[in-house]
Amino acid sequence: MAEMSIKKKRPKNLDLTTIKLPWSGKVSILHRISGAGLFLMLPLIVWLFGASLSSPEAFTAVTGNLLVKVIIAGLIWAFTHHFCAGIRFLLIDRHICVEKEAAQQSALVVLAVSIPLTLVLWGILL
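Residues numbered from 1 in each chain as written. Predicted model: local features only at pLDDT ≥ 70, side-chain atom pairs only at ≥ 80, totals over all residues. Heavy atoms only, no water.

Here we come to the overall build of the protein chain. Scanning the protein chain from terminus to terminus reveals 5 helices and 0 strands. Order of helices (α) and strands (β) in the protein chain, N terminus to C terminus: α-α-α-α-α. A compact globule built from 126 residues should have a C-alpha radius of gyration of about 14 Å, whereas the protein chain, at 20 Å, is more than 25% larger. Along the first, second and third principal axes, the C-alpha set of the protein chain runs to 75 × 35 × 30 Å. Counting all 126 residues of the protein chain, 22% fall into the buried class. Counting only contacts in the protein chain whose residues sit at least 6 apart along the sequence, the fraction spanning at least 24 positions is 76%. (Helix = DSSP H or I, 4+ residues; strand = E, 2+ residues; numbered from the N terminus. Rg over C-alpha atoms; globule rule 2.2 N^0.38 Å. Buried < 20%, exposed > 50% of the residue type's maximum accessible area, 1.4 Å probe, protein only. Contact = heavy atoms within 4.5 Å.)

Next up, the structure:
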């Protein structure tokens, strides 16, 4: 017997510039981007860690470059955002903040905490 599938004719919007994501969707995408960025930058992170252990002068020489400072700022943001969003997703896995309004508020809390925390760590580390 051949099964016939019925294709639904529904509108599909594949234009990423016009899709309106809720805050929880944006935080989810940023969580994936920050995780991928941390993974891809792992060799640089290990190299910076090694420079920091060798001597303070070596670390200062490496981090004196503006491009390196911008990269480190991005890594700090990626870590803080990934950490805060990860806690949010762990709470969602425990069925906490799964309602639509609570999920939106928890997504805004992630942004409200990770951005200032990035600035604080930026001031402390550099």
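From this point, things continue past the structure.
Turning our attention to a nonpolar patch on the surface. Among the surface-exposed residues, Val109, Val113, Leu117, Val120, Ile124 and Leu125 lie close enough to one another that they form a single nonpolar patch of about 530 Å² accessible area. Tracing the backbone through its elements, the reader meets Leu117 in helix H5 (residues 100-125). According to the relative accessible area criterion, Leu117 is partly exposed, its value standing at 33%. (Patch = residues over 30% accessible without salt bridge, like charges linked within 9 Å, V, L, I, M, F, W, Y side chains within 5 Å. Areas by Shrake-Rupley, 256 points an atom, 1.4 Å probe, with all protein chains shown as cover. Salt bridge = Lys/Arg side-chain N within 4 Å of Asp/Glu carboxyl O.)

With that settled, the discussion passes to the packing of aromatic side chains. Per the stated rule, a full pass over the model turns up 1 aromatic pair. Taking the centre distance of 6.1 Å and the plane angle of 20 degrees together, the rings of Phe79 and Phe83 count as stacked. Linking Phe79 with Phe83, this pair stays in helix H4 (residues 66-93), spanning 4 residues, or about one helical turn. Seen from the ring of Trp23, Lys26 lies directly overhead, with NZ or CZ sitting 4.7 Å from the centre. (Phe/Tyr/Trp six-rings, centres within 6.5 Å; stacked < 30°, edge-to-face > 60°. Lys NZ or Arg CZ within 6 Å of the ring centre and 35° of its normal.)

Residue placement: Ser114 occurs in helix H5. Not counting chain neighbours up to four residues away, the residues in contact with Ser114 comprise Trp77, Thr80, His81 and Cys84.

So, on to the state of the cysteines. Per the counting criterion, the structure on display carries 0 disulfides. Cysteine Cys84 is unpaired, with the sulfur of Cys97 as its nearest cysteine sulfur at 14 Å. According to the relative accessible area criterion, Cys97 is partly exposed, its value standing at 27%. (Disulfide = S-S within 2.5 Å.)

Moving on to unusual backbone geometry. Its identity is not glycine, yet His95 carries a phi of approximately 65 degrees, on the positive side. Position of His95 among the secondary structure elements: in the loop between H4 and H5. You can call His95 exposed: its relative accessible area is 66%. Residues other than glycine seldom take positive phi values, yet Cys97 does so here, at roughly 65 degrees. Inspection of the secondary structure puts Cys97 in the loop between H4 and H5.

The next subject is the packing of helix H1 (residues 23-40) against H4. For the pair H1 and H4, the least separation of the axes is 8 Å and the interaxial angle reads 130 degrees. Put simply, H1 runs oblique to H4. In this structure, H1 meets H4 at a crossing whose hand is left-handed. Two secondary-structure elements touch here, H1 through Ser24, Val27, Ser28, Leu30, His31, Ser34, Gly35 and Leu38 and H4 through Leu75, Trp77, Ala78, Phe79, His81, His82, Ala85, Gly86, Arg88 and Phe89. Here the residues of the contact of H1 with H4 sort into 9 nonpolar, 8 polar and 1 charged. (Axes fitted to C-alpha atoms, helices over the stretch in contact; angles between N-to-C directions. Parallel < 35°, antiparallel > 145°, perpendicular 65-115°, else oblique. Left-handed = near helix turned anticlockwise from the far one by under 90°. Nonpolar A, V, L, I, M, F, W, Y, C, P; charged D, E, K, R; others polar.)

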